[in-house]
Amino acid sequence: MLVLALESSCDETAAALTDGPLVLAEAVRSQVDLHRRYGGVVPEIASRAHLEAVDILASEVLEASGRRLADLGGIAVTQGPGLVGALLVGMSFAKGLALATGLPATGVNHVKAHALAPFLAEAGDAPPPAPEFPLAALVASGGHTSLFLMEDFLTFRTLGRTLDDAAGEAFDKSAKLMGLGYPGGAVIERLAAQGDPGAFRISRPMLRDGLDFSFSGLKTRVADLYREHGLEREPDSGRGLCDLAASFQAAAVDVMAAKLEAALKSTGARGAVLAGGVAANGALRGAAAALCRRLGVPLYAARPAWCADNASMIGYLGSLQLAKGENPLTPFSEAKTRWSAECPA
Ligand code: KG4
Ligand code: ZN
């Protein structure tokens, strides 16, 4: 089914044209440059920027794929979780388009959609993998960090979640504390590659303590070490900064890998899924690959471009929902700033 998909939950406006898991065209406009000077996403600026981009990106993907509205089978849009004003832009556009065209539309859970990103493919790729369920899925992003048991692509059970900061938030806040700017994930990874992960002692929060996470203590420890060791006097990419980045990253990765392993073992899941913005991190991907090899289960990791927010993952999950008539979008559908992956609507 050809689906026009829209994503506007945070600071990326995205549109895609998908046919099941096949991505025919996609476009993303990142707002990172607009938010950088504030050190984080400013909701009002995000909403305005989505408004300026959403229709342009929708036209772009139709044009790039050589399709017209009349070719579509449905519309999919992120309904939550996310920033309310940002979500409303994509949803209002989708509602208007659905009313004007008579196409069915569905509201998609952004966090669930991240977990489907490893199963997307482009023309010319090998066919997307058909996994054996259930799968243990780690979705780690700037806004969310959760472990799920995926009974199929539509049915999720929450195994654990962060009790405070998301993993990406820990990367972003630590980078900010270290004077490295925003967003922090990629810059920490770059510095960490030149540092010694054993240089600073950082404890692994809640390592053997169930499947929930806690990341807020990590940034406090980073702040203390940064101050104690006078790292504000270091040049860009100095030895101490690289060591601190490496030590922080190792702690965050160890916790995520240990919880994914515990989830696999406690559920007997047949494979692991790694998705969300933080899944672009090479150290996390390496750790997840190593543990899956050790346990003899396949790892399905989203390719880095699809780890970040995108509309293709919304299109794929949306097509499955449309086929089942799940969570139809009506003119009265509301944006859900919080939305458990377990609830279909
Ligand atoms: O999934 P995403 O694009 O947006 C949300 O839904 O939040 O994730 C963005 C998050 C940011 O916190 C960013 O710092 C983090 O993903 N991130 C990374 C890396 N690339 C992006 N974290 C660690 N290592 C990376 N290479
Ligand atoms: Zn996301």
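Residues numbered from 1 in each chain as written. Chains lettered and ligands numbered in written order. Predicted model: local features only at pLDDT ≥ 70, side-chain atom pairs only at ≥ 80, totals over all residues. Heavy atoms only, no water.

**Regarding the side chain of asparagine 281**
Locating asparagine 281 in the fold gives a position in the loop between β10 (271-275) and α9 (282-295). Look past the residues within four positions of asparagine 281 in its chain and what remains in contact with it is Phe171, Glu189, Gln249 and Val253. (Helix = DSSP H or I, 4+ residues; strand = E, 2+ residues; numbered from the N terminus. Contact = heavy atoms within 4.5 Å.)

**Re helix α11 (residues 312-324)**
With 13 residues, α11 should reach 18 Å at 1.5 Å per residue; the first-to-last C-alpha distance of 19 Å fits that figure. Counted residue by residue, α11 has 10 buried out of 13 residues, so it is predominantly covered. All of the buried residues along α11 are Ser312, Met313, Ile314, Gly315, Tyr316, Leu317, Gly318, Ser319, Gln321 and Leu322. Phi for glycine 325, located one or two positions after α11, is positive at around 70°. (Expected span 1.5 Å × (residues − 1). Buried < 20%, exposed > 50% of the residue type's maximum accessible area, 1.4 Å probe, protein only.)

**Regarding unusual backbone geometry**
Here the residue pair phenylalanine 133 and proline 134 is connected by a cis peptide bond, since its omega of 0° sits within 30 degrees of zero. Checked against the element boundaries, proline 134 lands in the loop between β6 (121-122) and β7 (135-140). For the peptide bond that leads from tyrosine 182 to proline 183, omega is -10°, which places it in the cis range. Following the sequence through the fold, proline 183 ends up in the loop between α5 (167-177) and α6 (185-192). Positive phi, close to 55°, is recorded for methionine 206, a residue that is not glycine. If you trace the backbone, methionine 206 turns up in the loop between α6 and α7 (216-228).

**So, the side chain of glutamine 31**
On the secondary structure map, glutamine 31 appears in the loop between β3 (22-30) and α1 (32-35). Taking the relative accessible area as the measure of exposure, glutamine 31 reaches 3% and is therefore buried. Engagement of the side chain of glutamine 31 in a polar contact is seen with the backbone oxygen of alanine 46, the distance being 3.2 Å. When near neighbours in sequence (up to four residues on either side) are disregarded, glutamine 31 contacts Cys10, Asp11, Thr13, Ile45, Ala46, Ala49 and His50. (Polar contact = N/O pair within 3.5 Å; in protein donor to acceptor, adjacent residues only side chain to side chain.)

**A look at the nonpolar core**
Where a protein is soluble and globular, its nonpolar side chains tend to be buried together. Counting residues in each nonpolar core, the largest one holds 86 residues, and the members touching the most others are Met150, Phe248, Met256, Leu264 and Val273. With 15 residues, the top contributor of residues to this core is helix α8 (residues 239-267). Mapping this core onto the domain boundaries places at least three of its residues in each of domain 1 (2-120 + 308-324) and domain 2 (135-301). With sequence-adjacent residues up to four places away left out, methionine 256 is seen in contact with Leu138, Ala140, Ala167, Phe213, Phe215, Val278 and Leu284. If you look at the next biggest cluster of nonpolar residues, it comprises 26 residues, including Ala15, Ala27, Val61 and Leu87. (Core = buried A, V, L, I, M, F, W, Y, C linked by side-chain atoms within 4.5 Å. Domains from an automatic or database assignment.)

**Side note on the domain arrangement of the chain**
Annotation of the chain at the domain level lists domain 1 (2-120 + 308-324) and domain 2 (135-301). Taking only C-alpha atoms, the centre of domain 1 and the centre of domain 2 are 27 Å apart. Each partner contributes to the interface: domain 1 provides 22 residues, whereas domain 2 provides 19 residues. Interface of domain 1 and domain 2: buried area, both sides summed, is about 1700 Å²; carbon and sulfur atoms make up 78% of it. For the domain 1 face of the interface with domain 2, the top three residues by lost area are Val111, Lys112 and Phe119, together amounting to 29%. Inspection of the domain 1/domain 2 interface yields zero salt bridges. Inspection of the domain 1/domain 2 interface yields two residue pairs in polar contact (both at pLDDT 80 or more). If you list the elements that add at least two residues to the side of domain 1 that touches domain 2, you get α1, α4 (110-116) and α11. Taken together, the residues of the side of domain 1 that touches domain 2 break down into 13 nonpolar, five polar and four charged. (Buried area = accessible area lost by both parts, 1.4 Å probe. Salt bridge = Lys/Arg side-chain N within 4 Å of Asp/Glu carboxyl O. Nonpolar A, V, L, I, M, F, W, Y, C, P; charged D, E, K, R; others polar.)

**Concerning the coordination of the zinc ion (ligand 2)**
In an ideal tetrahedron of four donors about a metal, each angle is 109.5 degrees. In an ideal octahedron of six donors, the angles are 90 or 180 degrees. The coordination sphere of the zinc ion (ligand 2) contains the protein donors His110 (NE2), His114 (NE2) and Asp309 (OD), at a distance range of 2.0 to 2.1 Å. Geometry at the zinc ion (ligand 2) is irregular, judged from the four donor atoms that bind it and their angles of 94 to 143° at the metal. Considered as a linear motif, the donors of the zinc ion (ligand 2) on their single chain read H-x3-H-x194-D. One end of the pair, histidine 110, is in helix α4; the other, aspartate 309, is in the loop between α10 (304-307) and α11, and 199 residues separate them in sequence. For the pair histidine 110 and aspartate 309, a shared accessibility class is recorded, and that class is buried. (Donors = N, O, S within 2.8 Å, 3.2 Å for Na, K, Ca; no water. Tetrahedral: all angles 85-135°; square planar, octahedral: opposite > 155°, others 65-115°.)

**Observations concerning the site of ligand 1**
The local shell around ligand 1 holds 18 residues, among which Gly142, Asp172, Gly185, Glu189 and Asn281 are the closest. The backbone of glycine 185 places a nitrogen or oxygen atom 3.0 Å from an oxygen atom of ligand 1. Side-chain polar atom of asparagine 281 to a nitrogen atom of ligand 1: 3.0 Å apart, as the coordinates give it. Bound to the protein, ligand 1 loses 86% of the 550 Å² it would expose on its own. Sorting the residues of the shell around ligand 1 by element identifies α4, α5 and α6 as the ones contributing at least two each. Its residues assigned to classes, the shell around ligand 1 comprises five nonpolar, 10 polar and three charged. Here the shell around ligand 1 spans two domains, and each of domain 1 (2-120 + 308-324) and domain 2 (135-301) adds at least three residues to it. (Near = heavy atom within 4 Å. Areas by Shrake-Rupley, 256 points an atom, 1.4 Å probe, with all protein chains shown as cover.)

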